[in-house]
Amino acid sequence: QVHLIESGGGLVQAGASLSLSCKDSKGTFSSFGVAWFRQVPGKEREFVAAIMVDDGNTLYEQSEGRFTISVDKTKGAVTLQMNNLQPEDTATYFCAASPYWSGSYVPGYDSWGQGTQVTVSS
């Protein structure tokens, strides 16, 4: 397991962009799969995007191409760039890490951050 720290959430208007960052305090993302999930109260955690740090393989839930996940190995950080945000994107966004490629499979991730709130007003 690793200690994950998310940042970059906030309150924005519809159409705006946000960049979420997930950092591993040990800088050991080199062999992990990292993903972003989101959750609203009363609903299950929803997969957003995942990336395998070693080879850059990515997987996205349908977001009409508005979201992009990327990794900066030198900083030990995974970024989720979110463009043209809509009110339905409002949620708490969680970063998760796995020693394997777990894609959208929630139980495959053994490390989770505390979450960062994204609120999009109409």
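Scroll up a little and you will see the structure.
The notes below deal with the structure included here. (Residues numbered from 1 in each chain as written. Predicted model: local features only at pLDDT ≥ 70, side-chain atom pairs only at ≥ 80, totals over all residues. Heavy atoms only, no water.)

Focus on the overall build of the chain
The secondary structure content of the chain amounts to zero helices and 11 strands. Secondary structure elements of the chain, listed N to C terminal, follow the sequence β-β-β-β-β-β-β-β-β-β-β. For a compact globule of 122 residues, the expected C-alpha radius of gyration is about 14 Å, and the chain comes in at 13 Å, within 12% of that figure. Once the C-alpha set of the chain is aligned to its principal axes, its extents read approximately 40 × 30 × 25 Å. Looking at the chain as a whole, 41% of its 122 residues are labelled buried. Carbon and sulfur atoms make up 48% of the accessible area of the chain, which totals about 6300 Å². Between the averaged position of the 8 positive side-chain charges in the chain and that of its 12 negative side-chain charges there is a distance of 5 Å. (Helix = DSSP H or I, 4+ residues; strand = E, 2+ residues; numbered from the N terminus. Rg over C-alpha atoms; globule rule 2.2 N^0.38 Å. Buried < 20%, exposed > 50% of the residue type's maximum accessible area, 1.4 Å probe, protein only. Areas by Shrake-Rupley, 256 points an atom, 1.4 Å probe, with all protein chains shown as cover. Lys, Arg positive; Asp, Glu negative; His and termini not counted. Charge placed at Lys NZ, Arg CZ, Asp CG, Glu CD.)

Considering the pairing of strand E9 (residues 91–98)
The element E9 is extensively covered by neighbouring structure, given that seven of its eight residues are classed as buried. Pairing analysis gives seven bridges linking strand E4 (residues 33–39) to E9, with the strands arranged antiparallel. Looking at E9, one finds that Gln39 is bridged to Thr92. In this structure, E9 lies alongside strand E11 (residues 116–121), joined through three bridges in antiparallel fashion. Bridge pairing links Ala91 to Val118 in E11. (Pairing = 2+ DSSP bridges.)

As for the packing of aromatic side chains
The geometry of an aromatic ring pair is captured by two quantities: the separation of the ring centres and the angle between the planes. Under the criterion given, the structure shown has four aromatic pairs. Centroid distance Tyr109 to Trp112: 6.2 Å. Interplanar angle 70°. Geometry classified as edge-to-face. Every member of this aromatic cluster is reached through a ring pair, and the members are Phe37, Phe47, Tyr109 and Trp112. The ring of Phe94 has Arg45 lying over it, and the distance from NZ or CZ to the ring centre is 3.9 Å. (Phe/Tyr/Trp six-rings, centres within 6.5 Å; stacked < 30°, edge-to-face > 60°. Lys NZ or Arg CZ within 6 Å of the ring centre and 35° of its normal.)

Worth remembering: the numbers are spatial, not functional.
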